[in-house]
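Take a look at the letters that make up each chain.
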Amino acid sequence: MSRTVYETATSLDGFIADQDNSLEWLFAVEGGHSDEEDTEALDSTAEFIKSAGAIVMGATTYEWIHEHEGDKPWPYAVPTWVLTHRELPRVEGDLRFTSADTDQELRDLHAEMSKAADGRDIWVVGGGRIAADLARLGLLDEIRVSVAPVSLGGGAPLLDGRVQLRPLEAKLAGAFACLRYEVVKD
């Protein structure tokens, strides 16, 4: 059975992108992946990403990836849904541009992604509103977040809504604290 997992990185003060919707801050964190003993947490993240059977993200996340990848084919081989209300540049790959404005539309989209994932996990890349909405509907199972030792002071929030969590695991990966939480469902 597919699990829906929000796997992302955040600043210490809870932002996944800065006020300019950029992720450059993340790649500037010193000591991010330097310790040999911390490779287990990094390997776990890489394995999760490789094993995902479907991906969902918002338009801003897609635009940032496209800006940095250019017109190269989409870097992921699994179906990817991009939630948007505007025209976005397209690249080669299994990209599905759609919107899900109501709870029922989001439930239907989740069912479609689960079917496409074929028992593998659904990776929620971002953003915080999508993850919070999925949690509110009881469709988000887990949050995996790597906390960077930097404060941004504002930007796109990790979760844009109330979500109750139960801690599962905490590990260090270089300068990052890698945390896993189960989403508590009503």
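Throughout, residues of each chain are indexed from 1 in the direction in which the sequence is written. Local features in this predicted model are restricted to residues of pLDDT 70 or higher, and side-chain atom pairs are both shown and tallied only at a pLDDT of 80 or more, whereas totals for entire chains, interfaces and linings draw on every residue. As a convention, hydrogens and water are excluded, and side-chain values are obtained from all of the structure's heavy atoms.

A.B. asks: How would you explain the packing of aromatic side chains if you had to name every residue and give the values?
C.D. replies: Under the pairing criterion, centres of Phe, Tyr and Trp rings, with the six-membered ring standing for Trp, must be within 6.5 Å; the plane angle then separates stacked pairs below 30 degrees from edge-to-face pairs above 60, leaving the rest tilted. Scanning all chains against the criterion turns up 6 aromatic pairs. Where Phe 27 meets Trp 64, the ring centres are 5.9 Å apart and the plane angle is 10°; that geometry is what we call stacked. One end of the pair, Phe 27, is in helix H1 (residues 24–27); the other, Trp 64, is in helix H3 (residues 59–69), and 37 residues separate them in sequence. Here the aromatic rings of Tyr 62 and Trp 74 are separated by 5.3 Å at their centres, their planes lie at 35°, and the arrangement is tilted. On the criterion of sequence distance, the pair formed by Tyr 62 in helix H3 and Trp 74 in the loop between H3 and strand S4 (80–83) is long-range, its members being 12 residues apart. For the pair Tyr 62 and Trp 74, a shared accessibility class is recorded, and that class is buried. Aromatic ring contacts, followed pair by pair, group Phe 48, Tyr 62, Trp 74, Tyr 76, Phe 97 and Trp 123 into a single cluster. Numbered from the N terminus, helices here are DSSP runs of H or I no shorter than four residues, and strands are runs of E no shorter than two. Partly exposed describes any residue whose relative accessible area lies between the buried limit of under 20% and the exposed limit of over 50%, with all areas from a 1.4 Å probe on protein chains only and scaled to the type maximum.

A.B. asks: Just give me the short version of the sheet that holds S4, but keep the residues and values in it.
C.D. replies: By this definition, two strands are paired if DSSP reports at least two bridges between them. Pairing is mixed across the open sheet formed by 8 strands, whose spatial order is S5-S4-S3-S6-S1-S7-S10-S9. Each having just a single partner strand, strand S5 (95–98) and strand S9 (165–173) make up the two edges of the open sheet. The average undirected angle you get between the axes of adjacent strands in this sheet is 20°. By the bridge criterion, 3 bridges tie strand S1 (residues 4–11) to strand S6 (residues 122–126) in an arrangement that is parallel. Bridged to Thr 4 within S6 is Ile 122. Only heavy atoms enter the contact rule, under which two residues are in contact if any of them lie within 4.5 Å. The angle between two axes is taken between their N-to-C directions and runs from 0 to 180 degrees, where each axis is a line fitted to C-alpha atoms and a helix contributes only its stretch in contact. Its contacts with the sheet place helix H4 (residues 103–117) against S1, strand S3 (54–58), S4, S5 and S6, and it is angled at close to 160° to S4.

A.B. asks: Break down the pattern of salt bridges for me, citing the residues and quoting the values.
C.D. replies: A pair is scored as a salt bridge if a Lys or Arg side-chain nitrogen falls within 4 Å of a carboxyl oxygen belonging to Asp or Glu. For the coordinates displayed, the defined rule picks out 16 salt bridges. Lys 185 is the partner of Asp 141 in a salt bridge, and the nearest nitrogen-oxygen pair spans 2.5 Å. A residue pair is termed long-range when its members are at least 10 positions apart, and Asp 141 in the loop between helix H5 (128–136) and strand S7 (142–148) and Lys 185 in the segment after strand S10 (176–183) qualify at 44 residues. Its relative accessible area of 23% is what places Asp 141 among the partly exposed residues. By relative accessible area, Lys 185 is classed as partly exposed at 39%. A salt bridge links Lys 171 to Glu 169, with the nearest nitrogen and oxygen atoms 3.3 Å apart. Residue classification places Lys 171 among the partly exposed residues on the basis of a relative accessible area of 27%. Given the relative accessible area of 30%, Glu 169 is considered partly exposed. Taken together, the shared-partner salt bridges connect Arg 3, Glu 7, Asp 121, Glu 142, Arg 144, Glu 169, Lys 171 and Arg 180 into one network.

A.B. asks: I'd like to hear about the nonpolar core, residue by residue, with values.
C.D. replies: Burial of nonpolar side chains together is a common tendency in soluble globular proteins. By size, the foremost hydrophobic cluster in this structure holds 27 residues, and its most contacted members are Tyr 6, Leu 109, Met 113, Val 124, Leu 134, Leu 140 and Ile 143. For this core, the elements supplying multiple residues, two or more each, are S3, S4, H4, S6, H5 and S7. Sorting elements by how many residues they give to this core places H5 first, with 5 residues. Ignoring anything within four residues of it in the chain, the contact list for Leu 140 reads Thr 4, Val 5, Tyr 6, Val 124, Ala 131, Leu 134, Ala 135, Val 183 and Lys 185. Only buried Ala, Val, Leu, Ile, Met, Phe, Trp, Tyr and Cys residues count toward a nonpolar core, and they belong to the same one when joined by side-chain atoms within 4.5 Å. If you look at the next biggest cluster of nonpolar residues, it comprises 18 residues, including Phe 48, Met 57, Trp 64 and Leu 88.

A.B. asks: Go over unusual backbone geometry with me, naming the residues and quoting the values.
C.D. replies: Following Gly 126, the chain continues into Gly 127 via a peptide bond in cis, with omega recorded as 10°. Tracing the backbone through its elements, the reader meets Gly 127 in the loop between S6 and H5. The backbone of Asn 21 shows a phi angle near 60°, a positive value even though the residue is not glycine. Along the chain, Asn 21 falls in the loop between strand S2 (15–17) and H1. Given a relative accessible area of 40%, Asn 21 falls into the partly exposed group. Phi at Asp 118 takes a positive value of approximately 50°, unusual for a residue other than glycine. Here Asp 118 shows up in the loop between H4 and S6.

Shape is all these values report; function is a separate question.
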